[in-house]
Amino acid sequence: MRVAALSLLLCLSGLTQAAQMPVAALPGGVMVYKDVQSLRERKFADLVQQKTDFSCGAAALATVLRQAYWLDVDEEHVIKGMLVNADQDLVRTQGFSMLDMKRYIESIGMRARGYRIPPEKLEAVTIPVVVLMDIRGYKHFVVLQRAEKDWVYIGDPVLGHKRYAHEDFVKGWNGIVFAIIGPGYDKANALLDPPTPLTAKNKLDNFNPVKDAELMDFGFIQSDFF
């Protein structure tokens, strides 16, 4: 029994794509096939994952455009679009800015607006927006999916779905939300319903400090240009 359980765990841990797993659940050993999802897939479900050091803004924009507006764009597409009007030398050293993001959104016929809102009004934000977070000097764009009284749900291009205690999120947020406005918005888009934590440990998923070495591994940079 223990060997069988270990084999099952090894199979699950090796999954990188959604698949079906046979389970002997009916009399006579008849197999029932259940859809399974790896932890990594669940972690990045409906999110565009960041692939380069300075593309968190592009990945966050692509996430909102794909899920909320059903546009067929990816991180590379958004990067190329933003580079058209951006200072490429500055991008290479410091990454994209909100101004670069705004220019790109307007170039595809949509509107982009930045709003400064007080922390107590976060619950009033009813659409997914891009926000800039600062973790001990490291600047990083993420998608704010939903805010509640006690929790803020974030789609992070590097870390996946995260849930922060409200006061901990506010400590790392610059107070501005970057909203994308245009035709075809899906009011029932998946970003508004992020996955719930998988374990009891994740239910206490606070905005814990991250070591500098870990941040560098993820591609974060120290920057003061925002």
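Residues numbered from 1 in each chain as written. Predicted model: local features only at pLDDT ≥ 70, side-chain atom pairs only at ≥ 80, totals over all residues. Heavy atoms only, no water.

Caption draft 1: Structural view of the sheet that holds strand 6 (residues 151–156). An order of 3-8-4-5-6-7 is seen for the six strands of this open sheet, with the pairing classed as antiparallel. Each edge of the open sheet is held by one strand with a lone partner, namely strand 3 (111–116) and strand 7 (160–165). Neighbouring strand axes in the sheet, compared pairwise and without regard to direction, differ in orientation by 35° on average. Here strand 4 (residues 129–135) pairs with strand 8 (residues 173–181) via three bridges, running antiparallel. Pairing of Val 130 across the sheet is with Phe 178, part of strand 8. (Pairing = 2+ DSSP bridges. Helix = DSSP H or I, 4+ residues; strand = E, 2+ residues; numbered from the N terminus. Axes fitted to C-alpha atoms, helices over the stretch in contact; angles between N-to-C directions.)

Caption draft 2: Summary view of the confidence of the model for the protein chain. Per-residue pLDDT for the protein chain averages 78, and the proportion of residues at 70 or more is 68%. Mean pLDDT values over the elements of the protein chain span from 40, in helix 1 (residues 2–13), up to 96, in helix 3 (residues 56–69). Below pLDDT 50 for its whole length, residues 1–16 participates in seven contacts with residues either more than four positions away or in separate chains. Low pLDDT (under 50) marks residues 202–207, which in the prediction has 22 contacts with non-local residues, meaning those over four places away or in another chain. (pLDDT = per-residue confidence, 0-100. Contact = heavy atoms within 4.5 Å.)

Caption draft 3: Examining the pairing of strand 5 (residues 138–147) more closely. Buried residues dominate strand 5, accounting for nine of its ten residues. Counted between consecutive antiparallel strands, the loop separating strand 4 from strand 5 contains two residues, among which Arg 136 sits at a positive phi close to 50°. Of the pairings in the sheet, the one linking strand 5 to strand 6 comprises four bridges and is antiparallel in character. Across the sheet, Leu 144 pairs through a bridge with Ile 154, a residue of strand 6. Between strand 5 and strand 6, which pair antiparallel in sequence order, lie three residues. (Buried < 20%, exposed > 50% of the residue type's maximum accessible area, 1.4 Å probe, protein only.)

Caption draft 4: Quick peek at the packing of helix 4 (residues 75–83) against helix 6 (residues 98–107). At a minimum axis distance of 9 Å, the contact between helix 4 and helix 6 shows a crossing angle of 100°. By the angle class used here, helix 4 and helix 6 are roughly perpendicular. The segment helix 4 lies against helix 6, with His 77, Val 78, Gly 81 and Met 82 engaging Asp 100, Met 101 and Tyr 104. When grouped by side-chain class, the residues that make up the contact of helix 4 with helix 6 number four nonpolar, two polar and one charged. (Parallel < 35°, antiparallel > 145°, perpendicular 65-115°, else oblique. Nonpolar A, V, L, I, M, F, W, Y, C, P; charged D, E, K, R; others polar.)

Caption draft 5: Molecular detail of the pairing of strand 4. With six of its seven residues buried, strand 4 lies for the most part within the structure. The pairing of strand 4 with strand 5 spans seven bridges and is classified as antiparallel. In the strand pairing of strand 5, Val 130 is matched with Val 143.

Caption draft 6: Quick peek at the nonpolar core. Leu 61, Ile 105, Phe 178 and Ile 180 are the most contacted members of the largest nonpolar core, which has 33 residues in total. Elements with a minimum of two residues in this core: helix 3, helix 4, helix 6, strand 4, strand 5 and strand 8. When residues of this core are assigned to their parent elements, the largest contribution, ten residues, is made by helix 3. If you look at the next biggest cluster of nonpolar residues, it comprises 16 residues, including Met 133, Val 142, Ala 147 and Ala 179. (Core = buried A, V, L, I, M, F, W, Y, C linked by side-chain atoms within 4.5 Å.)

Caption draft 7: Just the packing of helix 3 against helix 4, in detail. Running from N to C, helix 3 and helix 4 cross one another at 115°; their axes reach a closest spacing of 8 Å. Handedness of the helix 3/helix 4 crossing: right-handed. Here Gly 57, Ala 58, Ala 59, Leu 61 and Ala 62 of helix 3 come into contact with helix 4, specifically with Glu 75, Val 78, Ile 79 and Met 82. For the contact of helix 3 with helix 4, the residue count by class is seven nonpolar, one polar and one charged. (Left-handed = near helix turned anticlockwise from the far one by under 90°.)

Caption draft 8: Quick look at helix 4. Regarding helix 4, the residues found buried are Glu 75, Val 78, Ile 79, Gly 81 and Met 82. One face of helix 4 carries all of its buried residues, which in axial projection span an arc of 165°. Looking at the buried residues of helix 4, the elements they touch are helix 3 and helix 6. The opening residue of helix 4 is Asp 74, an N-cap whose side-chain oxygen sits 3.3 Å from the backbone nitrogen of Glu 76. (Arc of directions from axis to C-beta. Polar contact = N/O pair within 3.5 Å; in protein donor to acceptor, adjacent residues only side chain to side chain.)

Caption draft 9: Broad picture of the packing of aromatic side chains. Under the definition given, this model contains two aromatic pairs. Both rings, one in Phe 169 and one in Trp 173, keep their centres 5.5 Å apart while their planes meet at 25°; by these two values the pair is stacked. Grouping residues by exposure puts Phe 169 and Trp 173 together as buried. Positioned above the aromatic ring of Tyr 153, the side-chain terminus of Arg 146 is 4.5 Å from the ring centre. Over the aromatic face of Trp 151 sits the side chain of Arg 163, whose NZ or CZ is 3.8 Å from the ring centroid. (Phe/Tyr/Trp six-rings, centres within 6.5 Å; stacked < 30°, edge-to-face > 60°. Lys NZ or Arg CZ within 6 Å of the ring centre and 35° of its normal.)

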